[in-house]
Structures are given as C-alpha cells and as structure tokens.
Amino acid sequence: MPQSIKIQLIYFSIMNVIGVIITVYDKIAAKAVPRHRVPEKALILFGFLGGALTMYITMLLIRHKIRKKKFMISFPLFIVLHLLIFLAVNFLVSKNNMRLFFENFKFC
C-alpha cells in the first residue's frame, strides 16, 4: 500500500474516532449539562476537517442534530468532498499518473 494512502487512512481514522467522541459527548451534554455543550460551529468544522462520515452516522443513530438542516446537508457534502480529495491525491501521487498528468497538461 502506498505511503500516501496509509497517511490518509490514519488521518481519517483518527478524525472519525474523535468525531464520534465529540458527537456523543454533545448528545450527553445536551441532556445533562447544557452549559458544557460543543458549539455547532466546532462540530461542523470538525466534520469538514475529516470526521464527517462517522459523525453523520452517529448523529443518525443517536438522533442528535437530525432536525438541523445545516448538519444533514453539510455532512453528506463533506463526505463526498473527502472522497474526492482522497481519490485525487492518490491519483496525482502515483508516479505514472503524475508523469502522465504533467505530460498532457499544457501550461498557458
């Protein structure tokens, strides 16, 4: 497995585990201690940075933030964005594709 794929998988794994933790924490805090909740901006930012997949699944499973359109729309978009970035990076990093890319790309 190429090094770039390993690094990306480790990064997204860590972000997704932390994403689940902060989503569950926010759900518990919403019921027990409302003053200590995770701000919505922080949840969205963390989803954007790589935790969207498991945060979205967790939100659906524990019924947290499912009525908020900004979460139910942005997180699936982030998931698609992450997939596209993952595929693009791995396409460009591979030596043969990188060479082909620059040979066929004409600079203005």
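First, a word on scope: everything that follows refers to the structure included in this document. Remember, it's a predicted structure, so these values are computed and weren't measured experimentally.

What about the side chain of Asn90?
By secondary structure assignment, the location of Asn90 is in helix H3 (residues 69-93). Since its relative accessible area comes to 15%, Asn90 is described here as buried. Within the structure, Asn90 has its side chain in polar contact with the backbone oxygen of Phe86 (distance 2.7 Å). Excluding anything up to four places from it in sequence, Asn90 contacts Ser4, Ile5 and Gln8.

A few points about H3
The end-to-end C-alpha distance of H3, which contains 25 residues, comes to 36 Å, matching closely the 36 Å that a straight helix rising 1.5 Å per residue would cover. Turning to H3, its buried residues are Phe71, Met72, Ser74, Phe75, Phe78, His82 and Asn90. Along its buried surface, H3 packs onto helix H1 (3-32) and helix H2 (40-62).

About the criteria used
Residues numbered from 1 in each chain as written. Predicted model: local features only at pLDDT ≥ 70, side-chain atom pairs only at ≥ 80, totals over all residues. Heavy atoms only, no water. Helix = DSSP H or I, 4+ residues; strand = E, 2+ residues; numbered from the N terminus. Buried < 20%, exposed > 50% of the residue type's maximum accessible area, 1.4 Å probe, protein only. Polar contact = N/O pair within 3.5 Å; in protein donor to acceptor, adjacent residues only side chain to side chain. Contact = heavy atoms within 4.5 Å. Expected span 1.5 Å × (residues − 1).

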